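The lines below spell out each chain.
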Amino acid sequence: MNRATLWLSAVALISIAPMLYMARVSLGVGNSLPIAPSDWWSGGFTLDHYRALGSGNGMGRFALNSLLVTGIAVPLQVLLSAAAGHALARGRFAAKGVFLGLATAFLILPRQVTLVPLYLLFARLGLLDTYPGLILPHLADPFGVLFMAHYYQTLSPELEEAARTDGLSPAATFWRIILPLSGPGLAVVGVNGFLTTWNAFLHPLVLTTSESMRTLPVGLALFAQSEHSVDWGALLAGSTLATAPVLLAFVIFQRQIVEGLLQGSGR
């Protein structure tokens, strides 16, 4: 094992140490936090904290809301990013540079800046405390649009030209030719969209008022608030469950993510 491998292994271990600690506390007995390394293996292991999450505190409802919002928003976000990115990469229309500039500006602009206008708009449209109100803010993704635009610029346009020569419409060319070739790029956009949507906190907190519409990150934050103490075991059990889908997505799509990043960077 060479020195570079040792350094990378050490960095990886340091990176996953907080998640290991979180999982250990979630499996511990009581609410004590292990501090010394020897405390990690003392006190025993139990699933009581995970059972406590389903005992009438709303975590099941919060998780269902997150699954519903993420399951609807991410596929639509990926599809819209691919369509808009392809239009910017291959289309020839007036003010194309303006649209590219706006996408870049919205990428730089913090999401908190748009929170008040978004709240006022959704209040007027009657979308507060609704599933559409939780889903719509995630459909427009500047990163996804710009990434897919650059990704399509690295693809040869010969297949599209051949499809047009055979008489395929632009829509048919996009669905039958472009999308099947976009797997790695779509994986990058999809995992990024899943990460941001699943972990979204500020927008679901502000745009919902009833407890039944809270998503999992908001529910965990409210669960952590207590008048006297915090049930660290149950809180970190919920955090572990919330982290698991993100890790699973990276494990499943890691090859496509690497290919998409390399191809999207022009290498």
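These notes cover the structure that comes with them. (Residues numbered from 1 in each chain as written. Predicted model: local features only at pLDDT ≥ 70, side-chain atom pairs only at ≥ 80, totals over all residues. Heavy atoms only, no water.)

### What about the side chain of Thr 240?
Phase 1: Looking at the secondary structure, you find Thr 240 in helix H13 (residues 232-264).
Phase 2: A distance of 2.7 Å separates a polar atom in the side chain of Thr 240 from the backbone oxygen of Leu 236.
Phase 3: Residues in contact with Thr 240, not counting those within four places in the same chain, are Met 22, Ala 23, Ser 26 and Tyr 50. (Helix = DSSP H or I, 4+ residues; strand = E, 2+ residues; numbered from the N terminus. Polar contact = N/O pair within 3.5 Å; in protein donor to acceptor, adjacent residues only side chain to side chain. Contact = heavy atoms within 4.5 Å.)

### Some points on helix H5 (residues 115-125)
Phase 1: All buried positions along H5 are accounted for by Leu 115, Leu 118 and Phe 122. Along H5, the residues classed as buried sweep out an arc of 65° about the axis, all on the same side. Pointing more than 90 degrees away from the buried face of H5 are the exposed residues Val 116, Leu 120 and Arg 124.
Phase 2: Looking at the buried positions of H5, the neighbouring elements they touch are helix H6 (131-135) and helix H11 (202-207).
Phase 3: Gly 126 sits one or two residues past H5 and shows a positive phi near 75°. (Buried < 20%, exposed > 50% of the residue type's maximum accessible area, 1.4 Å probe, protein only. Arc of directions from axis to C-beta.)

### Structural notes on the side chain of Ser 182
Phase 1: When you line up the elements, Ser 182 lands in the loop between helix H9 (170-178) and helix H10 (183-198).
Phase 2: On the accessibility criterion, Ser 182 (0% relative accessible area) is buried.
Phase 3: Setting aside its immediate chain neighbours within four residues, Ser 182 contacts Met 148, Tyr 151 and Tyr 152.

### As for the packing of aromatic side chains
Phase 1: Going through the model one piece at a time under the given rule, you end up with four aromatic pairs.
Phase 2: On the numbers, 6.2 Å between centres and 80° between planes, the contact of Phe 174 with Trp 175 is edge-to-face.
Phase 3: Pairing Phe 194 with Trp 198 gives two aromatic rings, centres 5.8 Å apart and planes at 10°, and the pair type is stacked. Pair noted here: Phe 194 and Trp 198 are both in helix H10, with a separation of four residues, about one helical turn.
Phase 4: We classify Phe 194 as buried; its relative accessible area is 18%. (Phe/Tyr/Trp six-rings, centres within 6.5 Å; stacked < 30°, edge-to-face > 60°.)

### Regarding the nonpolar core
Phase 1: Counting residues in hydrophobic clusters, the biggest one holds 30 residues, and the most contacted among them are Ala 82, Met 148, Tyr 152 and Leu 216.
Phase 2: No other element matches the seven residues that H13 contributes to this core.
Phase 3: Those residues within four positions of Tyr 152 in sequence are excluded, and the remaining contacts are Ala 82, Gly 85, His 86, Ala 89, Arg 90, Phe 174, Ile 178, Leu 179 and Ser 182.
Phase 4: Counting residues in each nonpolar core, the second largest holds six residues, with Val 69, Leu 134, Ile 135 and Leu 139 among its members. (Core = buried A, V, L, I, M, F, W, Y, C linked by side-chain atoms within 4.5 Å.)

### Here we look at the pattern of salt bridges
Phase 1: Evaluated as defined, the whole model comprises two salt bridges.
Phase 2: Linking Glu 160 and Arg 90 is a salt bridge whose minimum nitrogen-to-oxygen distance equals 3.0 Å. Note that Glu 160 is positioned in helix H8 (residues 158-165) and Arg 90 in helix H3 (residues 59-90), a separation of 70 residues in sequence.
Phase 3: Judged by its relative accessible area of 24%, Arg 90 is partly exposed. (Salt bridge = Lys/Arg side-chain N within 4 Å of Asp/Glu carboxyl O.)

### Quick word on unusual backbone geometry
Phase 1: One non-glycine residue, Asp 129, adopts positive backbone phi at about 60°.
Phase 2: For Asp 129, the location among the structural elements is in the loop between H5 and H6.

### Re the environment of Arg 61
Phase 1: Along the chain, the position of Arg 61 falls in helix H3.
Phase 2: C-alpha separation for the pair Arg 61 and Ser 212, spaced 151 residues apart in sequence, amounts to 6.7 Å.

These results come straight from atomic positions and should not be treated as a statement about function.
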